[in-house]
Amino acid sequence: MTTSGIENHQMAKLNRRTLLKAAGLAALAGLAACGTVSLPTGQGAGVSSSATGTLAGLRATAGLGPLVSDAQLEQAALQQAGYMARRGRMSHTTGWGKDFASRVKDNGIAGAAAENIAEGRFDQQKLFDIWAHSPGHRRNMLDPDFSRFGLAYVRDGRDPSLRYWALVLGK
């Protein structure tokens with residue numbers, strides 16, 4: 001191999017190495033971005049307080065005390081509603097397979113917790129009517145172990161009349 005051939009070979013190795021390093025750094029940056037949770041803002045934030053009466057009424061029919069709205073649980077609900085709105089589908093898991101239990105833990109929520117989700121072109125009253133007539137959702141809302149809740153929704157960016165709802169309940 002000639003001197004220029006050796007130099008070309010070494011340059012090609014350097015270029016490949018540099019390219020691989022750059023690709024690796026880009027992949028790491030992409031993974032880091034996926035782990036970053038951006039909280040949606042807007043009309044769906046802070047709706048927990050408006051649901052206190054509805055939940056209290058539902059729980060009273062079962063002889064249970066009211067739930068207290070909780071900012072930590074609302075944050076977890078807002079994250080889930082935002083994720084579903086960005087993806088355009090309902091799911092209890094988020095990107096990279098992050099399930100409800102890991103989201104609760106990431107939000108510093110200790111103890112038992114549950115989540116109700118919904119998607120639709122309806123208001124909050126209709127939402128609770130739907131959940132009240134669904135055995136699993138009703139069971140979550142009437143669980144006597146829960147004392148706190150957070151409710152949020154995020155509108156679909158393509159269809160503003162479509163909302164993604166999340167209710168997180170906890171001790």
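Structure shown above.
A. Just the sheet that holds strand 1 (residues 68-69), in detail. The sheet built from four strands is open, its strands ordered 1-3-4-2 with mixed pairing. At either end of the open sheet lies a strand with only one pairing partner, and these are strand 1 and strand 2 (113-120). Sheet topology places strand 3 (residues 148-155) next to strand 4 (residues 163-170); eight bridges connect them, and they run antiparallel. From the neighbouring strand, arginine 155 faces strand 4, where its bridge partner is arginine 163. Packing against the sheet, helix 5 (residues 124-132) makes contact with strand 2, strand 3 and strand 4, and its axis sits at approximately 60° to strand 4.

B. How the structure looks around the nonpolar core. If you look at the biggest cluster of nonpolar residues, it comprises 21 residues, and the most contacted ones within it are Leu127, Phe128, Trp131, Phe149, Leu151, Trp165 and Leu167. The set of elements that each furnish at least two residues to this core consists of helix 2 (48-60), strand 2, helix 5, strand 3 and strand 4. Among the elements that make up this core, the one with the highest residue count is helix 5 (four residues). Contact partners of tryptophan 131, with chain neighbours within four places excluded, come to Asn116, Ile117, Ala118, His137, Arg138, Met141, Leu151, Trp165 and Leu167.

C. Quick peek at the environment of asparagine 116. Relative to the helices and strands, asparagine 116 is located in strand 2. In the structure, asparagine 116 is positioned 49 residues away from tryptophan 165 in sequence and 8.1 Å away in space, judged by C-alpha atoms. Setting aside residues no more than four positions away along its own chain, asparagine 116 makes contact with Trp131, His137, Asn140, Met141, Trp165, Ala166 and Leu167. Within the structure, asparagine 116 has its side chain in polar contact with the backbone oxygen of histidine 137 (distance 3.3 Å).

D. Representation of the pattern of salt bridges. Under the counting rule described, the total for this entry stands at four salt bridges. One salt bridge connects arginine 121 with aspartate 159, and the closest N-O pair in it is separated by 2.3 Å. Here arginine 121, found in the loop between strand 2 and helix 5, pairs with aspartate 159, found in the loop between strand 3 and strand 4; they are 38 residues apart in sequence, far enough to count as distant. Classification of arginine 121 as exposed rests on a relative accessible area of 57%. For aspartate 156, the salt bridge identified is with arginine 158, shortest N-O distance 3.1 Å. The buried category is assigned to aspartate 156, whose relative accessible area is 6%.

E. View of the side chain of glutamine 124. With respect to the helices and strands, the residue glutamine 124 is situated in helix 5. Glutamine 124 gets classed as buried once you look at its relative accessible area, which sits at 14%. Of note is the side chain of glutamine 124, whose polar atom sits 3.1 Å from the side chain of serine 50. For glutamine 124, the residues in contact, after removing those within four places along its chain, are Val47, Ser50, Ala51, Leu151 and Trp165.

F. Just the packing of aromatic side chains, in detail. Scanning all chains against the criterion turns up two aromatic pairs. Ring centres 5.6 Å apart and planes at 90° place the aromatic pair phenylalanine 128 and tryptophan 131 in the edge-to-face group. Taken together, the residues span about one helical turn, with phenylalanine 128 and tryptophan 131 both in helix 5 at a distance of three residues. Grouping residues by exposure puts phenylalanine 128 and tryptophan 131 together as buried. Consider the rings of tyrosine 153 and tryptophan 165, whose centres lie 4.7 Å apart with planes at 50°: the pair is tilted. Placement of the pair is tyrosine 153 in strand 3 and tryptophan 165 in strand 4, with a sequence separation of 12 residues. We classify tyrosine 153 as buried; its relative accessible area is 4%. Between the NZ or CZ atom of arginine 163 and the centre of the ring of tyrosine 153, over which it lies, the distance is 4.3 Å.

The rules we used
Residues numbered from 1 in each chain as written. Predicted model: local features only at pLDDT ≥ 70, side-chain atom pairs only at ≥ 80, totals over all residues. Heavy atoms only, no water. Pairing = 2+ DSSP bridges. Helix = DSSP H or I, 4+ residues; strand = E, 2+ residues; numbered from the N terminus. Contact = heavy atoms within 4.5 Å. Axes fitted to C-alpha atoms, helices over the stretch in contact; angles between N-to-C directions. Core = buried A, V, L, I, M, F, W, Y, C linked by side-chain atoms within 4.5 Å. Buried < 20%, exposed > 50% of the residue type's maximum accessible area, 1.4 Å probe, protein only. Polar contact = N/O pair within 3.5 Å; in protein donor to acceptor, adjacent residues only side chain to side chain. Salt bridge = Lys/Arg side-chain N within 4 Å of Asp/Glu carboxyl O. Phe/Tyr/Trp six-rings, centres within 6.5 Å; stacked < 30°, edge-to-face > 60°. Lys NZ or Arg CZ within 6 Å of the ring centre and 35° of its normal.

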